[in-house]
Amino acid sequence: MKKYKKLLITLLLTLAVVGIGIGLPAAVSGYKDKTLDNSGETLDSLGISLETPRELESVSLVRKYSMIAAGSAYFSRAESEGVSEDRIQKLSLDYLDDFYKLGMQAPRSGDDVIDKYSDITPVLVTSIYDSKESFYAWQVVASDEYGDLVMWIDDETEVILALNYSEIADQNISESTAGDTEINIHQILNFFCERFGATLVEATENPYDTEVSWYVTLTFGSEYDYTRLPVHFYPGAYYSFNFDSIDGMVS
């Protein structure tokens, strides 16, 4: 009888070991797929496995604007797979020329206001809801003795996604910065909409803001393909476009 008991115990132990050997890899895999990423969601809920490379989804331009405007993205330094720093530097200087012609305060175009090695940073913009919804942008800083201009430029389309200018305190505005104290906001918005392939639907002024402030609605070819973006302008000192949710610089 004891002999049969020993055989039964041995058989049960063997089955237990085999069961653990089969179940452990699956359990570990399940645990890894439930590891949290930076968005606060589990990887399996996002359809991502640690065993396979992450593939970025194609993101429309209107979606890129909306992600930044809504504060529903986080930003990290990255290596861009698109255009080069030289191209972005030239593009940014062309934008500075446009700002000057439109009467906007900005550093005058010149190689000394944008250093391609220290003032141009590739950024990976990722949705906080789906980490596969990501795209590349460039953070560009143009500076002179009167103020600092920060542009976020889309790597794919090369359009401006966000913009912020601030005058350095206690500085007098010179001809080098240009800038009219009276700016036609509709003229500026229509100029850039034409360049970016968008249509200005409306610009609604906020009469209760101490700054001159608008919410601008843009459409990109369809009545359903639109977004609403914040614009601020304080004559002689400050202006911004879709920059409210960008907190600090990516470095």
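Here's a quick rundown of the structure. From a predicted model like this one, the values you see are computed outputs, not experimental measurements.

Conventions we followed
Residues numbered from 1 in each chain as written. Predicted model: local features only at pLDDT ≥ 70, side-chain atom pairs only at ≥ 80, totals over all residues. Heavy atoms only, no water. Helix = DSSP H or I, 4+ residues; strand = E, 2+ residues; numbered from the N terminus. Buried < 20%, exposed > 50% of the residue type's maximum accessible area, 1.4 Å probe, protein only. Areas by Shrake-Rupley, 256 points an atom, 1.4 Å probe, with all protein chains shown as cover. Phe/Tyr/Trp six-rings, centres within 6.5 Å; stacked < 30°, edge-to-face > 60°. Pairing = 2+ DSSP bridges. Axes fitted to C-alpha atoms, helices over the stretch in contact; angles between N-to-C directions. Contact = heavy atoms within 4.5 Å. Expected span 1.5 Å × (residues − 1). Arc of directions from axis to C-beta. Left-handed = near helix turned anticlockwise from the far one by under 90°. Nonpolar A, V, L, I, M, F, W, Y, C, P; charged D, E, K, R; others polar.

**What about the overall build of the chain?**
The secondary structure content of the chain amounts to four helices and nine strands. Taken from N to C terminus, the helices and strands of the chain fall in the order α-α-β-α-β-β-β-β-α-β-β-β-β. Burial analysis of the chain (251 residues in total) assigns 41% to the buried set. Summed over its atoms, the accessible surface of the chain is roughly 14,300 Å², and 53% of this surface lies on carbon and sulfur atoms.

**A look at the packing of aromatic side chains**
Tallied over the entire structure, the rule returns eight aromatic pairs. A centroid spacing of 6.2 Å and a plane angle of 75° characterise the contact between Y65 and F241, whose relative ring orientation is edge-to-face. Note that Y65 is positioned in helix α2 (residues 61–69) and F241 in strand β9 (residues 238–241), a separation of 176 residues in sequence. On the basis of relative accessible area, F241 is assigned to the buried category, the value being 13%.

**Topic: the sheet that holds strand β1 (residues 73–77)**
Taken in spatial order, the nine strands of this open sheet run β1-β2-β3-β4-β5-β9-β8-β7-β6, and their pairing is antiparallel. Only two strands of the sheet have a single neighbouring strand rather than two, namely β1 and β6 (199–205). Recorded for the sheet is a direction-independent mean angle of 20° between the axes of neighbouring strands. With five bridges connecting them, β1 and strand β2 (residues 120–127) associate as antiparallel partners. Across the sheet, R77 pairs through a bridge with V123, a residue of β2. Strands in contact with helix α4 (residues 185–196) are β5 (160–167), β6, β7 (212–219) and β8 (226–234); relative to β6, the strand with the most contacts, it is inclined by about 150°.

**Some points on α4**
With twelve residues, α4 ought to run about 16 Å at 1.5 Å a step, and its terminal C-alpha atoms sit 16 Å apart, in line with that. Of all the positions in α4, only I185, I188, L189, F192, C193 and F196 are classed as buried. Looking straight down α4, one finds that the buried residues subtend no more than 130° of arc, so they occupy a single side. Close packing links the buried residues of α4 with α2, α3 (85–101), β5, β6, β7 and β8. Downstream of α4 by one or two residues, G197 has phi in the positive range, about 80°.

**What to know about the pairing of β5**
Judged by how many residues are buried, β5 sits mostly within the fold: six of eight residues are covered. Pairing geometry for strand β4 (residues 147–154) and β5, over seven bridges, is antiparallel. Each bridged residue has a counterpart across the sheet, and for D148 the counterpart in β5 is S166. Counting the residues in the hairpin turn of β4 and β5 gives five residues, including E158, whose phi is positive at 65°. Of the pairings in the sheet, the one linking β5 to β9 comprises four bridges and is antiparallel in character. Paired with N164 across the two strands is S240, which belongs to β9.

**Side note on the side chain of T121**
Inspection of the secondary structure puts T121 in strand β2. What T121 contacts, discounting residues up to four positions off in sequence, is R77, A137, W138, Q139 and V250.

**A few points about the packing of α3 against α4**
At a minimum axis separation of 12 Å, α3 and α4 run at an interaxial angle of 150°. In terms of crossing hand, the pair formed by α3 and α4 is right-handed. Only F191, F192, R195 and F196 of α4 make contact with α3, whose side of the interface consists of L91, D94, Y95, D98 and F99. Broken down by class, the residue content of the contact of α3 with α4 amounts to six nonpolar, no polar and three charged.

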